[in-house]
Amino acid sequence: MTDKFNLLSDEQLANISSGKLWHFHGGIHPHENKLQSNQASIRDAGIPPTLVIPVENKGHVPELLVNVGDTVLKGQPLTKVYSAMVVQHASSSGIVTAIEKRPSLHPSGLPVTSIVIKTDGLDRSVEYVKPPAYQTVAPALLVEQIQQAGIVGLGGAGFPAHLKLVQHEQIKLLLINGAECEPYITSDDRLMQEQAAEIIEGIEVVNHILKPQLTIIAIEDNKTDAITSLQQALKNSPNKENITLRVIPTIYPSGSEKQLIEIITGQQTPLGKHPSELGIVMHNVGTVFAIKQAIIDAKPLTSRIVTLTGDSLEKKGNVSVRIGTPIQYLLDQYWNDDTSIKQLIIGGPMMGFTVHSADAPVTKICNCILTPTAKEMPAPRAEMACIRCSECANACPANLLPQQLLWYSKSQDHDKLNDYNLSACIECGACAYVCPSHIPLVEYYRISKAEIKTAENEAKKAEIARLRHENREARLAQAKIDRQAKHKQAAEKRKAQLKEKNGGEDLIAAALARAKAKKVTESASVPDKTQSPQKDAVAAAIARAKAKKAALAEKNSAEQENTTIETAAVDPKKAAVAAAIARAKAKKAALAEKNTVEQQDTTTETAAVDPKKAAVAAAIARAKAKKAAQAEKNKTEQQDTTTETAVVDPKKAAVAAVIARAKAKKSALAEKNTAEQENTTIETAAVDPKKAAVAAAIARAKAKKAALVEKQPLESQSQAPDNSAVIAERKKRKEQARLHKQQKEQIQPEQQTEPSAAEIKKAKIAAAVARAKAKKVNLAKNSESEEQK
Amino acid sequence: MAFINASSPHQRTYRSTSQIMLWVIACLIPGVAVQSYFFGAANLLQITLASMVALIAEAIILKLRKRPIINTLKDGSALLTGILIAVAIPPIAPWWIAVIGTLFAIVFVKQLYGGLGQNIFNPAMAAYVLLLISFPIQMTTWLPMQSLQPFELTIMDQLNAFFTGHTLDGYTVEQLTISIDGLTMATPLDTVKNSLNAGFTTPEIFAAPAYKASSSQAILWVNIGFLMGGLILLYKRIIQWMIPISFLLGMLLFSFIAFAYQPDLTGSPMFHLFSGATMLGAFFILTDPVSASTTVKGRIIYGALIAFLVVLIRNVGGYPDAIAFAVLLGNMCVPLIDYYTQPKVYGGRA
């Protein structure tokens, strides 16, 4: 649905101008109580000693044009134009004594920034320069002037008047609200009676701005004098054809914007939309009067008509009050000293709010000050249970179901409240007025509206926070990816640069490889250097650990290993050949042993020199392994044979070592660390007979493990793994290590370097530990060997 | 100086809930007076007893619920419930009928649901149904008109019968219901139903002496009495026109349909309108605001629905008078009716 759809059509306008009136749903007829205050003419309230003019609007304070200590004149602007806010003017001449927080005219009484002026009683005003005739001025300029004059809706809402005049195309109907439906209030009544001609002039100004097709003044039929006065003024006005006076029946709340539109036009403003969507603009008569003064007389808005009524006051009536007059000043002039004021209501009895103290100033929205006695407006009776009589629904001008709203308000069901259109409630008070159970319905709705608003605000904030968090997460993730990409790029760039520099060689990789080898050889060669049994034990332990790791990780390789060992056992010739070659190489390398790097090189050389043979052996081993995998009985036998042969014949051990080396190279692809460790250990073993023994032990362990692993599927799976063989093997290895250590001591005493004192100590401790362990192993081995055999 | 803080509106209409209830009780007087005239003053005893029990029961429950007792009792709703029950049961029923009925209505149907404004079912009607089903004999011993009674009953006789079940002379209540001719007299509706079941047609029934002995005239006048009271309520705007008008028109319409279909086997619309508790129901029972629908359209549907059910049960169902059952069934439908008859809010889409 486009906006234009709802605009008043020409037939509708014709209907309206013919004088037809409609009704809105509901409405009540409270006692009017207007006679107390509409009999006397409007008086001037006088100049109070202090004026307190609030300049804050919803927390925003516009730029001020005055400072403390400045002298101001009446009509001098105090604030700069700030977005849509109107300007505040000084209502009388005097000196600005303070700009501070003062109690506001609001039920909460919260302080707002106000300009406090100490008046000098002279009431000197700025020079009012008569402006050019408004008929010659462009409407946009007039609208700006209205904003500059500080005019807000004087009916009580305080909406800036110029905002309603901004959209001056497509306005079909201009409604002037002279209904004043609320009981007790008579300010518009008296204004229409006394200033009818000015009001008509003001209407003409607005007509010039908006150029509507139809202009109607709506007035309730209980204001007979005002009707007469306006009719007289219209007769005298030159533009009387354009302006129509419409008298509507007295009912509350006919003066409410939406309800008045329904009465005059029969159309309902769509929910959530502005009457301008229908092409209708409504202004209060007081606003129109102020517009006239601003545009034609160049007087800004500095005072307004306020009804003072209520039985507590001695003199009741309407007064022209300067904006910023403290209420106490008015009460002092009109208050009856004998009765004490119980309640101070700003506005009428149906929609007025109470204020805490009389220090609050009269602002532009204050149209009535009502001070009832307790008898006049007794305290509300106790709230009783709702009897579902639906009187409230009958009275509601917005056609809501106040009973349901009450239910959901009590249970704080915000979704249901929105379903039942709580936001459409105009808080007119008709429902609470008729409720026989004295339920304060409007209070419940106000609380619920505030709760819903707070919840919505929090949800919005949470949503914003969530979005920000998500964006941040995305940003960080992206930054990480970018960073990694950058690093990768830089690394490649560096590599490429180095390659260029060194002629295609990847020096870094080579260095890394060397470092790795160095690390391994260092750990393996540590026993050579120190030549102490403890270090040998440590080295053996390390070798064992490495062997264990490799054995655990690689079952396949273990099987292959097994098979290689088997093939070695089956085919000793080739193995012997390879072993011999390896030994020779090892001896060569051992003589030149000073630099671990050289060692590495030799190992790599030996590996490089004899890869073919190793590869050949490996290939044969693989083939045999496949064959042997099917024959499971042989495996166990071969295992035994391998272990026995290893123990008895160091040659065979060397063979096993070589084959193991080959296997290690093959598995280097799968597991670098363990393979390298194995490789180095095995290579160094090939170089050094002692190391060969160690490597042999490792190989044996792996074989055993593989055998065990193979054994398990043969045996029933529910059986617990048999660890006794492993334990025996370990003990054997320990013994071997011990023997190996002894051999070392005997063979190479001259290679001993001078150890430091700390090293000696450490070595001594380690030696003691190793000895103890060896003893244990011996004892265990003796008993076990008996067992096994 | 600190002024009183209050939320608008600061003025209120002066009609309160207790005033409404008192008005309703007041407008029951014409009908009750006619009833007393024709059937003896025993119904006044019932009213007294039921009112006392209602107030006492409510006070006890409010004390248990820790609610303000005097304020709540002042709203008169318990009193009204008690009186309605007393008007609905046979005047000569024993005292414990009224006591049990009122206790059930106040404690179970009203207070246990949450008190005034929260009960789903009409307390008086729910109590009536309970009594009718639990004590059918006592609930169907309707006395004939005083002029037709075989024995003249003084107020003392009635009081005695009320408390002991026997008159001063020793006759039982059942004996009192038998007329001179030996016919068991019942309400007109009862007579019609039994005779229809026996195979007579309505013209025969209306011509038979049994019908004349069944106090049809008296019942007619009682209904007119309640109609008068109801019209006063309407005028005073204590109740709204939607429910009574829709109910009566519905009764007229549906009984006319039934009558037009089978004139020999169903009562005429006028018969239905002025027999049993039709008028009492239309103005005093259906209009109970707590258990009735709340929206305008909803109330019209509610009235018509109950009218339909009344005619249905009277003609086809097993019980002679069906107002109580129909009202309870209508109460059950109220939430649904309310949901689907919401009015369109100002400015809302149709």
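The structure we're discussing is the one just above.
Right, let's walk through the structure included here.

**What about the overall build of chain B?**
Then, in step 1: A tally of helices and strands in chain B yields 18 helices and 0 strands.
Then, in step 2: Taken against the 2.2 N^0.38 rule, which gives 20 Å for 350 residues, the C-alpha radius of gyration of chain B at 21 Å falls within 12% of a compact globule.
Then, in step 3: In terms of its C-alpha atoms, chain B occupies a principal-axis envelope of roughly 85 × 50 × 30 Å.
Then, in step 4: Of all 350 residues assigned to chain B, the portion counted as buried reaches 55%.
Then, in step 5: Partitioning the contacts of chain B with sequence separation of at least 6, the portion at a separation of at least 24 is 75%.
Then, in step 6: Only carbon and sulfur atoms are counted for the fraction: they give 70% of the accessible area of chain B, which is about 15200 Å².
Then, in step 7: Side-chain charges in chain B split into 17 positive and 13 negative, and the spacing between the mean points of these groups amounts to 25 Å.

**As for the nonpolar core**
Then, in step 1: Membership of the largest hydrophobic core comes to 82 residues, with the highest contact counts inside it found for B:Phe247, B:Leu280, B:Phe283 and B:Phe284.
Then, in step 2: Per-element tally for this core: the top contributor is helix H1 (residues 17-39) of chain B, with 9 residues.
Then, in step 3: Setting aside anything within four residues of it in sequence, one finds B:Leu280 in contact with B:Leu28, B:Leu84, B:Val87, B:Asn223, B:Phe226 and B:Ile285.
Then, in step 4: In terms of nonpolar packing, the next biggest core, distinct from the first, is built from 46 residues, A:Ile151, A:Leu191, A:Ile291 and A:Ala294 among them.

**A look at the sheet that holds strand E7 (residues 214-220) of chain A**
Residue and element names in this part refer to chain A.
Then, in step 1: In space, the 4 strands of this open sheet follow the order E8-E7-E6-E9, with parallel pairing throughout. Because the sheet does not close on itself, it has two edges, and the strands there are strand E8 (243-248) and strand E9 (280-284). Each strand of the sheet is rotated relative to its neighbour by a mean of 25°, with strand direction disregarded.
Then, in step 2: The sheet contact formed by strand E6 (residues 173-178) and E7 spans 6 bridges and is parallel. Within the sheet, the bridge partner assigned to Gly 178 lies in E7 and is Ile 219.
Then, in step 3: Against the sheet, helix H6 (residues 224-236) makes contact with E7 and E8, and its axis sits at roughly 165° relative to E8, the strand it touches most.

**Let's talk about the pairing of strand E10 (residues 303-309) of chain A**
Residue and element names in this part refer to chain A.
Then, in step 1: Among the 7 residues that make up E10, 6 are buried, leaving the element largely enclosed by the rest of the structure.
Then, in step 2: Across 6 bridges, the pairing between E10 and strand E11 (residues 317-322) is antiparallel. Within the sheet, the bridge partner assigned to Val 306 lies in E11 and is Val 319.
Then, in step 3: When E10 meets strand E14 (residues 368-370), the two strands line up parallel, connected through 3 bridges. Across the sheet, Thr 309 pairs through a bridge with Leu 370, a residue of E14.

**A few points about the packing of aromatic side chains**
All names here are of chain B.
Then, in step 1: Inspection of the entire model under this criterion finds 9 aromatic pairs over all chains.
Then, in step 2: Between Tyr 37 and Phe 38, the ring centres sit 5.0 Å apart and the planes meet at 75°, which makes this aromatic pair edge-to-face.
Then, in step 3: Its relative accessible area of 62% is what places Tyr 37 among the exposed residues.
Then, in step 4: For Phe 38, a relative accessible area of 17% corresponds to the buried category.

**Points about the environment of B:Ser246**
Residues and elements named next belong to chain B.
Then, in step 1: As for its placement among the helices and strands, Ser 246 is situated in helix H14 (residues 242-261).
Then, in step 2: For Ser 246, a relative accessible area of 11% puts it in the buried group.
Then, in step 3: Sequence separation between Ser 246 and Pro 123 is 123 residues; the distance between their C-alpha atoms is 22 Å.
Then, in step 4: Excluding residues within four positions of it along the chain, Ser 246 makes contact with Trp 241, Arg 299, Ile 300, Gly 303 and Ala 304.

**Some details on the pattern of salt bridges**
All names here are of chain A.
Then, in step 1: Across all of its chains, the model carries 21 salt bridges over all chains by this definition.
Then, in step 2: Between Lys 80 and Glu 63 there is a salt bridge, and its shortest N-O distance comes to 3.3 Å. Here Lys 80, found in the loop between strand E3 (71-72) and strand E4 (94-103), pairs with Glu 63, found in the loop between strand E2 (50-54) and E3; they are 17 residues apart in sequence, far enough to count as distant.
Then, in step 3: Assessed through its relative accessible area of 39%, Lys 80 is described here as partly exposed.
Then, in step 4: Residue Glu 63 is classed as partly exposed on the basis of its relative accessible area, which comes to 49%.
Then, in step 5: Taken together, the shared-partner salt bridges in this structure form one network comprising Asp 44, Lys 74, Asp 123 and Arg 322.

**Quick word on the packing of H1(B) against helix H13 (residues 216-235) of chain B**
Residue and element names in this part refer to chain B.
Then, in step 1: Contact geometry of H1 with H13 gives a least axis separation of 8 Å together with a crossing angle of 165°. Between H1 and H13, the interaxial angle falls into the category roughly antiparallel. For the pair H1 and H13, the crossing hand works out as right-handed. Residues Trp 23, Val 24, Cys 27, Leu 28, Pro 30, Gly 31, Val 32, Val 34, Gln 35, Phe 38 and Phe 39 of H1 lie in contact with H13, whose contacting residues are Ala 218, Ile 219, Trp 221, Val 222, Gly 225, Phe 226, Gly 229, Ile 232 and Leu 233.

**Describing the pairing of E11(A)**
Residue and element names in this part refer to chain A.
Then, in step 1: Of all 6 residues that make up E11, 6 are buried, and the element is covered over most of its length.
Then, in step 2: Both strand E1 (residues 43-44) and E11 contribute to a ladder of 2 bridges, which runs parallel. Paired with Arg 43 across the two strands is Val 319, which belongs to E11.

**Quick notes on the interface of chain B and chain A**
Then, in step 1: Counting residues at the interface gives 43 residues for chain B and 67 residues for chain A.
Then, in step 2: Carbon and sulfur atoms supply 52% of the area that chain B and chain A bury against each other, a total of about 4500 Å² over both sides.
Then, in step 3: The largest contributions to the chain B side of the interface with chain A come from B:Phe3, B:Gln11 and B:Tyr346, which together make up 21% of the buried area.
Then, in step 4: A salt bridge links A:Arg388 to B:Asp338; its shortest N-O distance comes to 3.7 Å.
Then, in step 5: If you look at where chain B meets chain A, you find 21 residue pairs in polar contact (both at pLDDT 80 or more).
Then, in step 6: Listing elements by their share of the side of chain B that touches chain A, those giving two or more residues are H1, helix H17 (296-316) and helix H18 (323-340) of chain B.
Then, in step 7: Its residues assigned to classes, the side of chain B that touches chain A shows 18 nonpolar, 17 polar and 8 charged.

**Brief notes about the side chain of A:Lys223**
Residue and element names in this part refer to chain A.
Then, in step 1: Among the structural elements, Lys 223 can be located in the loop between E7 and H6.
Then, in step 2: Assessed through its relative accessible area of 2%, Lys 223 is described here as buried.
Then, in step 3: Of the polar contacts made by the side chain of Lys 223, one reaches the side chain of Asn 222; its length is 3.3 Å.
Then, in step 4: Setting aside its immediate chain neighbours within four residues, Lys 223 contacts Lys 34, Gly 178, Ala 179, Glu 180, Asp 189 and Met 192.

**Here we look at the sheet that holds E2(A)**
All names here are of chain A.
Then, in step 1: Spatial ordering of the open sheet is given by E2-E5-E4-E3, a layout of 4 strands whose pairing is antiparallel. This sheet does not close on itself; its edge strands, each paired only once, are E2 and E3.
Then, in step 2: When E4 meets strand E5 (residues 111-119), the two strands line up antiparallel, connected through 9 bridges. Counterpart to Ala 98 in the pairing with E5 is Val 116.

Thresholds, definitions, all that
Residues numbered from 1 in each chain as written. Chains lettered and ligands numbered in written order. Predicted model: local features only at pLDDT ≥ 70, side-chain atom pairs only at ≥ 80, totals over all residues. Heavy atoms only, no water. Helix = DSSP H or I, 4+ residues; strand = E, 2+ residues; numbered from the N terminus. Rg over C-alpha atoms; globule rule 2.2 N^0.38 Å. Buried < 20%, exposed > 50% of the residue type's maximum accessible area, 1.4 Å probe, protein only. Contact = heavy atoms within 4.5 Å. Areas by Shrake-Rupley, 256 points an atom, 1.4 Å probe, with all protein chains shown as cover. Lys, Arg positive; Asp, Glu negative; His and termini not counted. Charge placed at Lys NZ, Arg CZ, Asp CG, Glu CD. Core = buried A, V, L, I, M, F, W, Y, C linked by side-chain atoms within 4.5 Å. Pairing = 2+ DSSP bridges. Axes fitted to C-alpha atoms, helices over the stretch in contact; angles between N-to-C directions. Phe/Tyr/Trp six-rings, centres within 6.5 Å; stacked < 30°, edge-to-face > 60°. Salt bridge = Lys/Arg side-chain N within 4 Å of Asp/Glu carboxyl O. Parallel < 35°, antiparallel > 145°, perpendicular 65-115°, else oblique. Left-handed = near helix turned anticlockwise from the far one by under 90°. Buried area = accessible area lost by both parts, 1.4 Å probe. Polar contact = N/O pair within 3.5 Å; in protein donor to acceptor, adjacent residues only side chain to side chain. Nonpolar A, V, L, I, M, F, W, Y, C, P; charged D, E, K, R; others polar.

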